[in-house]
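Each chain, letter by letter, is given below.
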Amino acid sequence: QVQLVESGGGLVQPGGSLRLSCVASVRIFSTFAVGWYRQVPGKQRELVAFIASGGSTNYADSVKERFTISRDNAKNTVYLQMNSLKPEDTAVYYCSLHFLDNNYWGQGTQVTVSS
């Protein structure tokens, strides 16, 4: 079965940066679309950034110009570079792989932006 492991979260001050990584145990990683989602208590999980199998990307308006999603298919890894972080970016961030009607989720990594 598909397994995803996120890493790179932590505590950072406003204006700082973090890079999240998601490593997938899947045979043909390049065929999957990948999304980074985030969730805070009491709120619905939201899509932050998305990268298609062909490499096209989309971002939530709240993170555009600050976050960058990328993938390294040779390493079965997707990244989320997070710059100019704000307190409202605080959330648990999840990596998800999508292929046809199949969706796979990682365990999440906590990002806390606070002074």
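Keep in mind the model is a prediction, meaning the values are calculated, not measured.

(A) Up close: the packing of aromatic side chains. What the rule picks out here adds up to three aromatic pairs. Both rings, one in Phe32 and one in Phe99, keep their centres 5.6 Å apart while their planes meet at 50°; by these two values the pair is tilted. Of the two residues, Phe32 is situated in the loop between strand E3 (18-25) and strand E4 (33-39) and Phe99 in strand E9 (residues 91-99); the sequence distance between them amounts to 67 residues. Classification of Phe32 by relative accessible area gives buried; the value is 6%. Phe99 gets classed as partly exposed once you look at its relative accessible area, which sits at 34%. Ring geometry for Phe32 against Tyr104: centres 6.2 Å apart, planes inclined by 70°, an arrangement best described as edge-to-face. In this pair, Phe32 sits in the loop between E3 and E4 while Tyr104 sits in strand E10 (residues 102-105), placing the two residues 72 residues apart along the sequence. There is no split in this pair, since Phe32 and Tyr104 are both buried.

(B) Fine view of unusual backbone geometry. One non-glycine residue with positive phi stands out, namely Glu65, at about 80°. Positionally, Glu65 belongs in the loop between strand E6 (57-59) and strand E7 (67-72). When its relative accessible area of 74% is taken as the criterion, Glu65 is described as exposed. In this model, Leu100 sits at a positive phi of 55°, which is unusual for a non-glycine residue.

(C) Representation of the pattern of salt bridges within the structure. The final tally for this structure, using the stated rule, is three salt bridges. Residue Arg38 is joined to Glu46 by a salt bridge in which the shortest nitrogen-to-oxygen separation is 2.7 Å. Residue classification places Arg38 among the buried positions, given a relative accessible area of 7%. The partner of Arg66 in a salt bridge is Asp89, with the nearest N and O atoms 2.8 Å apart. Within this pair, whereas Arg66 is found in the loop between E6 and E7, its partner Asp89 is found in the loop between strand E8 (77-82) and E9, the two being separated by 23 residues in sequence. Residue Arg66 is classed as buried on the basis of its relative accessible area of 10%. On the basis of relative accessibility, which here comes to 1%, the residue Asp89 falls in the buried class. Shared partners join several salt bridges into a network, and the residues in it are Arg38, Glu46, Arg66 and Asp89.

(D) Here's a closer look at the environment of Cys22. Along the chain, the position of Cys22 falls in strand E3. The contacts of Cys22, once residues within four sequence positions are left out, are Leu4, Val5, Glu6, Trp36, Asn76, Thr77, Val78 and Cys95.

About the cut-offs
- Residues numbered from 1 in each chain as written.
- Predicted model: local features only at pLDDT ≥ 70, side-chain atom pairs only at ≥ 80, totals over all residues.
- Heavy atoms only, no water.
- Phe/Tyr/Trp six-rings, centres within 6.5 Å; stacked < 30°, edge-to-face > 60°.
- Helix = DSSP H or I, 4+ residues; strand = E, 2+ residues; numbered from the N terminus.
- Buried < 20%, exposed > 50% of the residue type's maximum accessible area, 1.4 Å probe, protein only.
- Salt bridge = Lys/Arg side-chain N within 4 Å of Asp/Glu carboxyl O.
- Contact = heavy atoms within 4.5 Å.

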